[in-house]
Amino acid sequence: MVATRYETAYQLYPYEKAAGQDLDVVEHHPVVIVGGGPVGLALALDLGKRGTPALVLDDHEGPGQGSKAICFSKRSLDIAHRLGAGQPMVDKGVVWNVGRVFHGDGQLFSFNLQPEEGHRNPAFINLQQPYFEKFLVDAIRQAQANGAPIQIRGKNRVRHIEQDGDITHVQVDTPDGPYQLDADWLIACDGAGSPTRKMMDLTFDGRVFEDNFLIADVRMKADFPTERWFWFHPPFKHSGASALLHKQPDDVWRIDFQLGWDIDRAAELDPDRIRARVDAMLSSQTGTVPDYDLVWTSIYTFQCRRMKNFRHGSVIFAGDAAHQVSPFGARGANSGLQDAENLAWKLDLIVKGQADLSLLDSYAQEREFGADENILNSSRATDFMTPKTEISTIFRNAVLDLAGKYAFARPFVNSGRLSVPCTYDDMPLFTADAMPDAPARSRPGSACPDAPVDDGFLLDLLDGQFTVLAISGDAPSGPALFNVHIPDPSPLLAERYLGAHKQAVYLIRPDQHVIGRWPAYDPDKICAALQRAIGKA
Amino acid sequence: MAVTLTPNITDPDGFYTQLLAAHDGLSIEDSAALNARLILVLANHIGDRSVLTAALKAAKLEDS
């Protein structure tokens, strides 16, 4: 039996008895992914498109009901676009750029996230997580039709794992009873409560924040603009220490109330009580209470923590299973997707015998670094929103009081620093910058900034392979790599990649991070950087 | 850059009086809030992180 832990939004991968279940032969899989959330699905899709078989085991048959993650970053959309799932997300999602921060009745300031021009994807979209997962599964179905070796097995719950040398034995429960399979690599993408992590008795340490947040997703026709509104000390009744209003697709609005630590959880989840809060908030904004439905409600507390090591032999952790942050800054699902893209090409090379096992240590090192950066940003936001001491409350309120009047204090106001990919500065797989006076944003270790190229965008040309990108100058002619030559760069491309230089040659990883850059094409340097990038230097 | 720890205000008595006068009649809470705002205004005016770090150290009476 496989117990139902939550209601699913829709069925995407209904249970089917696997062919091997009745046989005495134990199935053998190169890669088994535990958990079919955004991270597991993106990883399976990336691996499958590279031709490496990926089996996803999920104990439900589709995404859980509820909006859950709602803010997806430009980097996540860039990843999804490379995987063939991005466009439907952007089409369905709510694009937003303007945020307003209020203190009591007054607006402190507004900000515009709209980055510069010349990017395929917006800075952020709001999209309910079940949609995000559905579009990934749609892309997986499409990839499967084109021969990608991906399987998703619903109602398959991993009950037990045992590491046995290089192999992991996996016991799986299904509605038809248990069966066994063996995996060369087991990737745990099974969420913050990761059963895999618990089965392996691994620790997950960090800070617990003593605060409760109430989420109410409401469906209503309302004239609020498509903006993120955040209140410190909201003026409406029973709203707690802060509140957030944010639009999602399908006329759904995310409302968050910061309730504090000592609350009666069950009482606060009483729909009448939630409605009283929502009524007060909406009427303070519109003068009346519009008709609305409560779509989803939840109370969450949060922690900022991570596993000490993301890799344990042939078991690897990704996403919330490996690290957890507060929701402020949208650094949960977005960082998990960056884990998936970092891992996919490395695992693919290893399964194909083209790189040494040590390459996977770079996954752990790079993404542990990314997790630390996210935890730092998330902890700082949380410390601002929930001051821990009397004096931190005094300074927080001083910032808010000054911010309404003077611009200088606004950068201190922290209701979440929104997710951007980390730069792997000085990490071993990258090559020292040979153009230190070229733009810092495209230095080795950084995720390539997008830019217009002809009628399209640069990132479209960086299609998941090691790529030599030559900007101006001559076309590269050296090692058998995927070469992209842009003889006549657009001004924005030149601004983002050349700066004052006339030309440049970049070597780019399959995950669109810059390995190294040089003022002129030199095949020996490219080869050396490439060896280093797969852990062979 | 180092923080200035030698006399630098031309009218020390006048400034000191002005500082205390700003707190006249305030509750301890309101004074604490005023101090916090003042620190933020001054810190922003200085701007230089190394000076601010040195200033924090000096204020904690730590050896430089």
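Reading the values: the criteria
Residues numbered from 1 in each chain as written. Chains lettered and ligands numbered in written order. Predicted model: local features only at pLDDT ≥ 70, side-chain atom pairs only at ≥ 80, totals over all residues. Heavy atoms only, no water. Helix = DSSP H or I, 4+ residues; strand = E, 2+ residues; numbered from the N terminus. Rg over C-alpha atoms; globule rule 2.2 N^0.38 Å. Buried < 20%, exposed > 50% of the residue type's maximum accessible area, 1.4 Å probe, protein only. Contact = heavy atoms within 4.5 Å. Domains from an automatic or database assignment. Buried area = accessible area lost by both parts, 1.4 Å probe. Salt bridge = Lys/Arg side-chain N within 4 Å of Asp/Glu carboxyl O. Polar contact = N/O pair within 3.5 Å; in protein donor to acceptor, adjacent residues only side chain to side chain. Nonpolar A, V, L, I, M, F, W, Y, C, P; charged D, E, K, R; others polar. Phe/Tyr/Trp six-rings, centres within 6.5 Å; stacked < 30°, edge-to-face > 60°. Lys NZ or Arg CZ within 6 Å of the ring centre and 35° of its normal. Axes fitted to C-alpha atoms, helices over the stretch in contact; angles between N-to-C directions. Parallel < 35°, antiparallel > 145°, perpendicular 65-115°, else oblique. Left-handed = near helix turned anticlockwise from the far one by under 90°.

Q: I keep staring at the overall build of chain B and nothing clicks. Help me out?
A: Each helix and strand in chain B was counted, giving three helices and zero strands. Each helix and strand of chain B, placed in order from N terminus to C terminus, yields the pattern α-α-α. Compactness check: chain B gives a C-alpha radius of gyration of 13 Å against a globular reference of 11 Å for 64 residues, more than 25% above the reference. The principal-axis extent of the C-alpha atoms belonging to chain B is close to 35 × 25 × 20 Å.

Q: Would you explain the environment of Ala243 of chain A in this entry?
A: Residue and element names in this part refer to chain A. Counting through the fold element by element, Ala243 comes out in strand β14 (residues 242-248). With a relative accessible area of 1%, Ala243 lands in the buried category. Taking the C-alpha atoms as reference points, Ala243 and Asp256, 13 residues apart in sequence, are found 5.3 Å from one another. With sequence-adjacent residues up to four places away left out, Ala243 is seen in contact with Trp229, Phe230, Trp231, Pro234, Phe236, Asp256, Phe257 and Met281.

Q: Before we go on, may I ask you to explain the domain arrangement of chain A in this structure?
A: The accessible area lost on association of the parts is a frequent measure of interface size. Residues and elements named next belong to chain A. For chain A, the domain assignment lists domain 1 (29-87 + 120-203 + 305-372), domain 2 (205-300) and domain 3 (440-533). Taking only C-alpha atoms, the centre of domain 1 and the centre of domain 2 are 31 Å apart. Taken together, the contact between domain 1 and domain 2 spans 15 residues of the former and 13 residues of the latter. Across the domain 1 to domain 2 interface the summed buried area is about 1,200 Å²; carbon plus sulfur atoms make up 53%. Area buried by domain 1 at its contact with domain 2 is led by Asn126, Gln128 and Phe328, which between them contribute 35% of it. Joining domain 1 to domain 2, the criterion identifies zero salt bridges. Across the domain 1-domain 2 interface, the total number found is six residue pairs in polar contact (both at pLDDT 80 or more). Per-class residue counts for the side of domain 1 that touches domain 2 are six nonpolar, six polar and three charged.

Q: How should the packing of aromatic side chains be read in this particular structure?
A: The way to describe two aromatic rings as a pair is by their centre distance and the angle between their planes. Residues and elements named next belong to chain A. Enumeration according to the criterion identifies 21 aromatic pairs over all chains in this entry. Relative to Trp231, the ring of Phe102 has its centre 5.1 Å away and its plane inclined at 20°; by these criteria the two rings are stacked. One end of the pair, Phe102, is in strand β5 (residues 98-103); the other, Trp231, is in strand β13 (residues 228-232), with 129 residues separating them in the sequence. Residue class for Phe102 comes out buried when judged on its relative accessible area of 11%. Centroid distance Tyr497 to Tyr506: 5.1 Å. Interplanar angle 75°. Geometry classified as edge-to-face. Like Tyr506, Tyr497 is buried. The ring of Phe204 carries Arg197 above its face, with NZ or CZ at 3.8 Å from the centroid. Seen from the ring of Phe384, Arg396 lies directly overhead, with NZ or CZ sitting 5.9 Å from the centre.

Q: Can you walk me through the interface of chain A and chain B in this structure?
A: If you look at the interface, chain A gives eight residues, while chain B gives eight residues. Across the interface of chain A and chain B, roughly 750 Å² is buried in total on both sides, 88% from carbon and sulfur atoms. Summed over the shared surface of chain A and chain B, the number is zero salt bridges. At the junction of chain A with chain B, the criterion picks out zero residue pairs in polar contact (both at pLDDT 80 or more).

Q: Would you explain unusual backbone geometry in this entry?
A: Most peptide bonds take the trans form, and the phi angle of most residues other than glycine is negative. Residue and element names in this part refer to chain A. At His238, a residue that is not glycine, the phi angle is positive and equals roughly 60°. We note that Gln512 has phi near 65°; this positive angle belongs to a residue other than glycine. Here Gln512 shows up in the loop between β24 (504-508) and β25 (514-518). With relative accessibility at 2%, the residue Gln512 sits in the buried group.

Q: Help me understand the packing of helix α1 (residues 38-49) of chain A against helix α4 (residues 129-145) of chain A, please; the structure alone is not making it clear to me.
A: In helix packing, the relevant descriptors are the interaxial angle and the interaxial distance, both defined with respect to the helix axes. All names here are of chain A. At a closest axis distance of 10 Å, the pairing of α1 and α4 adopts a crossing angle of 20°. In terms of their interaxial angle, α1 and α4 are classed as roughly parallel. Judged by the sense of rotation from one axis to the other, the crossing of α1 with α4 is left-handed. Together, Pro38, Leu41, Ala42, Leu45 and Lys49 of α1 and Gln129, Phe132, Glu133, Leu136, Val137, Ala139, Ile140 and Ala143 of α4 make up the contact between the two elements.

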